[in-house]
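Topology and contacts: notes
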Amino acid sequence: MQLKENVLNVKERIRFACERSGRDPKEIQLIAVTKYLDIDQTKQVLDFGLDHIAENKVQQVLKKYEVLKDQGTWHFIGHLQTNKVKQLLGKFDYLHSLDRFSLAQEINKRAKLQNLKVQAFIQVNISGETTKSGLAPEELLEFVEKVRLLDSIRIVGLMTMAPFVEEKEVIRPIFRRLRELRDEINDNGILGYTIHELSMGMSNDFEVAIEEGATFIRLGTVLFKGKV
Ligand SMILES: *Cc1c(COP(=O)(O)O)cnc(C)c1O
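Residue positions are given per chain, counted from 1 along the sequence in the order it is written. Reporting in this predicted model follows two pLDDT cut-offs: at least 70 for local features of residues, and 80 or more for side-chain atom pairs to be given and counted; totals over whole chains, interfaces and linings ignore these cut-offs and use all residues. Excluding hydrogens and water, the side-chain values take into account all heavy atoms of the structure.

Before going further, it helps to examine the site of the ligand. The ligand sits among V33, K35, Y36, I77, M159, M161, M202, S203, R218, L219, G220 and T221. Contact distances for the ligand include 2.4 Å between an oxygen atom and a side-chain N or O atom of Y36. Between an oxygen atom of the ligand and a side-chain N or O atom of S203, the distance comes to 2.5 Å. Reported accessibility uses the Shrake-Rupley method at a 1.4 Å probe radius. Residues are deemed covered only where the shown protein chains occlude them. Compared with its free state, where it exposes 390 Å², the ligand has 91% of that area covered by protein. We define proximity as follows: a residue is near a molecule or strand when any one of its heavy atoms falls within 4 Å of that partner. We define a polar contact as two N or O atoms separated by no more than 3.5 Å, with the added condition that, inside protein, one atom must be a possible hydrogen donor and the other a possible acceptor, whereas residues neighbouring each other in sequence contribute only through side-chain atom pairs.

As a further point, take the pattern of salt bridges. When a carboxyl oxygen of Asp or Glu is within 4 Å of a side-chain nitrogen of Lys or Arg, the pair counts as a salt bridge. A complete count under the given rule lists 17 salt bridges for this structure. Residue E211 is joined to R20 by a salt bridge in which the shortest nitrogen-to-oxygen separation is 2.7 Å. Of this pair, E211 sits in helix 8 (residues 206–211) while R20 sits in helix 1 (residues 3–21), and the two are 191 residues apart along the sequence. R20 gets classed as exposed once you look at its relative accessible area, which sits at 52%. A salt bridge links E180 to R177; the shortest N-O distance between them is 3.9 Å. In this pair, E180 and R177 are both assigned in helix 7 (residues 168–188), three residues apart and thus about one turn of the helix distant. Taken together, the shared-partner salt bridges connect R20, R172, R176, R179, E211 and E212 into one network. Going along the chain from the N terminus, every DSSP run of H or I of four or more residues is numbered as a helix, and every run of E of two or more is numbered as a strand. Only protein chains enter the area calculation, which uses a 1.4 Å probe; residues under 20% of their type maximum are buried, those over 50% are exposed, and those in between are partly exposed.

Stacked, tilted and edge-to-face are the three classes applied to pairs of Phe, Tyr and Trp rings, where Trp contributes its six-membered ring and a pair requires centres within 6.5 Å; stacked means planes under 30 degrees apart, edge-to-face means over 60, and tilted covers the rest. Applying the stated criterion to the full structure yields five aromatic pairs. Aromatic pair F101 and F143: ring centres 6.5 Å apart, planes at 90°, arrangement edge-to-face. Here F101 is found in helix 5 (residues 101–113), whereas its partner F143 is found in helix 6 (residues 140–147), with 42 residues between them in sequence. One exposure class covers both F101 and F143, and it is buried. Each residue in the set Y94, F121 and F216 is aromatic and connected to the rest through ring pairs, giving one cluster. Charge-over-ring contacts are defined here by two conditions on Lys NZ or Arg CZ: a distance within 6 Å of the ring centre and an angle within 35 degrees of the ring normal. When the ring centre of F101 is taken as reference, the NZ or CZ atom of K146 above it lies at 4.5 Å. Directly above the aromatic system of Y193 lies the positively charged group of R154, at a separation of 3.7 Å from the ring centroid.

Okay, the pairing of strand 2 (residues 52–55) next. Regular strands have side chains that alternate between both faces of the sheet. Covered by surrounding structure in strand 2 are H52 and A54 together with I53 and E55, the residues of both alternating faces. Seen with its strands pointing away from the viewer, a crossover is right-handed if its path from the first strand over the helix to the second goes clockwise. The handedness of the strand 1 (residues 29–33) to strand 2 crossover, carried by helix 2 (residues 39–48), is right-handed. Strands are labelled as partners when DSSP assigns at least two bridges between them. Where strand 2 meets strand 3 (residues 73–76), four bridges bridge the pair, whose relative direction is parallel. Within the sheet, the bridge partner assigned to E55 lies in strand 3 and is F76. In this view, the connection linking strand 2 to its parallel neighbour strand 3 by way of helix 3 (residues 58–68) has right-handed handedness.

To qualify as a nonpolar core, a set must consist of buried Ala, Val, Leu, Ile, Met, Phe, Trp, Tyr and Cys residues joined through side-chain atoms within 4.5 Å. Ranked by size, the top nonpolar core spans 69 residues in total, and within it L98, L158 and L223 carry the most contacts. Here, two residues are considered to be in contact whenever any of their heavy atoms come within 4.5 Å of each other. Other than its neighbours up to four places away in sequence, L158 contacts F121, I122, V124, L140, L178, L181, R182, I185, I195, E197, L198 and S199. Listed in part, the nine residues of the second largest apolar core include I31, A54, I77 and F121.

Our focus in this paragraph is helix 7. Along its 21 residues, helix 7 runs 30 Å from first to last C-alpha, staying within 8% of the 30 Å computed at 1.5 Å per residue. Among all positions of helix 7, only I171, I174, F175, L178, L181, R182 and I185 are buried. All buried residues of helix 7 lie within an arc of 110° about the axis, which places them on one face of the element. Exposed residues on helix 7 whose side chains face more than 90 degrees from its buried face are E169 and D187. Buried-residue contacts for helix 7 involve helix 6, strand 6 (153–159), strand 7 (197–199) and helix 8. Note on helix 7: the residue one or two positions beyond its end, G189, has a positive phi of about 65°. Expected span, for any helix, means 1.5 Å times one less than how many residues it has. Think of it as the arc spanned by the lines of direction from the helix axis to the C-beta atoms.

Such coordinate-based values are descriptive only and should not be taken to indicate function.
Below is the structure:
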């Protein structure tokens, strides 16, 4: 896995991206996307000291959480079916994929029963790719107004995925738009509190995401395989 070498390399790239954009590397949380790894390898990642980990499949979380729950901060980044909410609840610290109101209602209902408060990012589909989940930007403000009323959900920020392309000119406006949408939510005061986090940037594009304000970057390939 060459974890050490890859992590050092990624941290250096984070530092350079911060320098270019006048940011402090401490503002950026690195999430290791362990969906590619088995339980033992995931434990190695946690033991190494990467304590934010992310999974995208409910079954995987259930298996890994059973063994590793005392370690790390857990992020769920995959599409979440409404009928799986019950199983998953309580087994993650952050949900990055809140993308529809029916899901929000189900989470709220179940969380209330368990006396939990769920921290969630709203996923926005800025690129408009039909293969990606997420609310259209035009739907976002109305969605926020409705979610505000669900008191077992705490919105912490917004999440998006850029298309998998090389051209930075295609990727950058997508990340910039997510930042503008966050600022718009805050300026309007429609949530009743301020949100700060931007979950954006993967192996292919994390430096651009940092330059545009990412606070959580989600990296798998570049950490575990070295090359994208
Ligand atoms: C797999 C995945 C990542 C990590 O992608 P890499 O290109 O391997 O870094 C990030 N975010 C989401 C939502 C993913 O599904």
